[in-house]
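Coordinate inspection notes
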Amino acid sequence: MTKQIIALKEALAPVRSRLIAHPVYQRIQSPATLHIFMQHHVFAVWDFMSLLKALQRELTGVTIPWVPVGSANTRFLINEIVVGEECDVDEGGRRTSHFELYLRAMQQAGASTGQIDRLVEGVTGGLSVRDAISRVEQGAIRDFLGFTFDTIARRDVQDIAAVFTFGREDLIPDMFLRIIADLSKEMPGALGIFSYYLERHIEVDGGHHGHLAMAMVEELCGEDDDKWASATRCAIGALEARICLWDGVVAAIEGKTM
């Protein structure tokens, strides 16, 4: 691990600690509150794939006729992550993306997929991502997605990589997994896919893919102090945006709007 990555992680430590200790996890004590959480969290699963595809666009050859882009090492890193995120295996060994797996988990748990379905259908039907986001009811979700797509639109690749790398699902604390295990006893047969998703995604993001992603940030920033500073600001911004999304979950649980 380079001194720059160590410095970036040190800069992230305070906000990361706030996120891991967020009260949202303690508020999830019933099927109804879990549904609210999932109906917010699914947007973070969805926009994660757009960050990934933005990196693939910037760092690999995706035009026709094809020409080599950047370094082969970076191309390998991003393409391996794409394979793992876009066509992993589900609980039955079938190929699926993590987003599609999450939708199935919501359906099994009884959580509504209406809002995320409308957003995806809007984009598929020709709406701009901005217009599709504007139709989302909760302001916390709109703001969260706005940060992601503002980052993508600037096309500063080290910033996209930093948001992708340090705003990942290994941020979910072990306490949350215990809560889901307890809820599974109240909801027999309803949380199997969700439990699998959490365990699989945390394993992949916190393990091999996490190391690949940090290596990608190191290569993209190199010895450029300005790029490291920008990547650090964006990584902090990504964690702050997730905290605001979790604040929105708490507000929804309490019957407020946000």
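Residues numbered from 1 in each chain as written. Predicted model: local features only at pLDDT ≥ 70, side-chain atom pairs only at ≥ 80, totals over all residues. Heavy atoms only, no water.

Attention now moves to the overall build of the protein chain. Counting its secondary structure elements, the protein chain contains 13 helices and two strands. Radius of gyration (C-alpha) of the protein chain: 18 Å, near the 18 Å computed for a compact globule of 258 residues. Each principal axis of the C-alpha atoms in the protein chain carries an extent, and together these give about 50 × 40 × 35 Å. Across the 258 residues in the protein chain, those meeting the buried criterion constitute 50%. Accessible area of the protein chain: about 11700 Å², with a carbon and sulfur share of 54%. Put simply, the protein chain has 25 plus and 35 minus side-chain charges, and the middle of one group is 2 Å from the middle of the other. (Helix = DSSP H or I, 4+ residues; strand = E, 2+ residues; numbered from the N terminus. Rg over C-alpha atoms; globule rule 2.2 N^0.38 Å. Buried < 20%, exposed > 50% of the residue type's maximum accessible area, 1.4 Å probe, protein only. Areas by Shrake-Rupley, 256 points an atom, 1.4 Å probe, with all protein chains shown as cover. Lys, Arg positive; Asp, Glu negative; His and termini not counted. Charge placed at Lys NZ, Arg CZ, Asp CG, Glu CD.)

Scanning all chains against the criterion turns up nine aromatic pairs. With centroids separated by 4.9 Å and ring planes inclined at 50°, the aromatic side chains of Phe37 and Phe176 adopt a geometry described as tilted. Within this pair, whereas Phe37 is found in helix α3 (residues 31-59), its partner Phe176 is found in helix α10 (residues 174-186), the two being separated by 139 residues in sequence. For the pair shown, Phe37 and Phe176 are each scored as buried. For the pair Phe176 and Phe194, a centre-to-centre distance of 6.4 Å together with 80° between the ring planes defines the contact as edge-to-face. With a gap of 18 residues between them, Phe176 in helix α10 and Phe194 in helix α11 (residues 192-206) connect regions that are remote in the sequence. Phe194 shares its class with Phe176; the two are buried. An aromatic cluster is present here, built from Tyr25, Phe37, Tyr102, Phe176, Phe194, Tyr197 and Trp246 joined pairwise through their rings. (Phe/Tyr/Trp six-rings, centres within 6.5 Å; stacked < 30°, edge-to-face > 60°.)

As enumerated under the stated definition, the model contains one cavity of 30 Å³ or more in all. Sorting the residues of the lining of the largest cavity by element identifies α3, α8 (139-154), α9 (157-166) and α13 (225-253) as the ones contributing at least two each. With four residues, the top contributor of residues to the lining of the largest cavity is α3. Grouping the amino acids of the lining of the largest cavity by side-chain chemistry returns ten nonpolar, two polar and three charged. (1 Å grid on protein atoms, 1.4 Å probe; cavity = no way out; pocket = protein on both sides within 12 Å on 5 of 7 lines; lining within 4 Å. Points joined across faces, edges and corners; volume = space filled by probe spheres on them. Nonpolar A, V, L, I, M, F, W, Y, C, P; charged D, E, K, R; others polar.)

Right, let's talk about the packing of helix α1 (residues 3-20) against α13 for a bit. With their axes 10 Å apart at the nearest point, α1 and α13 run at an angle of 15° to one another. Relative to α13, the element α1 is oriented roughly parallel. The two elements α1 and α13 meet at a crossing, and its hand is right-handed. Along its contact with α1, which presents Gln4, Ile5, Leu8, Ala11, Leu12, Val15, Arg16, Arg18 and Leu19, the element α13 presents Trp228, Ala231, Thr232, Ala235, Ile236, Leu239, Glu240, Arg242, Ile243 and Trp246. Broken down by class, the residue content of the contact of α1 with α13 amounts to 13 nonpolar, two polar and four charged. (Axes fitted to C-alpha atoms, helices over the stretch in contact; angles between N-to-C directions. Parallel < 35°, antiparallel > 145°, perpendicular 65-115°, else oblique. Left-handed = near helix turned anticlockwise from the far one by under 90°. Contact = heavy atoms within 4.5 Å.)

Now for the nonpolar core. Core analysis: the biggest nonpolar cluster contains 84 residues, and Phe37, Met38, Phe194 and Met216 have the highest contact counts within it. Considering every element that reaches this core, the biggest residue donor is α3, with 15 residues. If sequence neighbours within four positions are ignored, Met38 has contacts with Tyr102, Ala105, Met106, Ala109, Ala111 and Phe194. (Core = buried A, V, L, I, M, F, W, Y, C linked by side-chain atoms within 4.5 Å.)

This brings us to the layout of surface pockets. In this model, the second largest pocket occupies a volume close to 170 Å³. Taken together, Trp46, Met49, Ser50, Lys53, Glu86, Ser97, Phe99 and Glu100 make up the lining of the second largest pocket. For the lining of the second largest pocket, the elements supplying multiple residues, two or more each, are α3 and α5 (98-109). If you tally residues by element for the lining of the second largest pocket, the top one is α3, at four residues. Split into classes, the residues belonging to the lining of the second largest pocket amount to three nonpolar, two polar and three charged.

With their axes 8 Å apart at the nearest point, α9 and α13 run at an angle of 40° to one another. It follows from the interaxial angle that α9 and α13 lie oblique. Where α9 crosses over α13, the two elements pack in a sense that is right-handed. Residues Gln158, Asp159, Ala162, Val163 and Phe166 of α9 form the contact with α13, whose own contacting residues are Lys227, Ser230, Ala231, Cys234, Ala235, Ala238 and Leu239.

What follows covers helix α12 (residues 208-221). Taking 1.5 Å of rise per residue, 14 residues should cover 20 Å, and α12 covers 20 Å from first to last C-alpha, within 8% of that figure. Taken together, the buried positions of α12 are His209, Gly210, Leu212, Ala213, Met214, Met216, Val217, Leu220 and Cys221. Trailing α12 by a residue or two, Gly222 shows a phi angle of about 55°, which is positive. (Expected span 1.5 Å × (residues − 1).)

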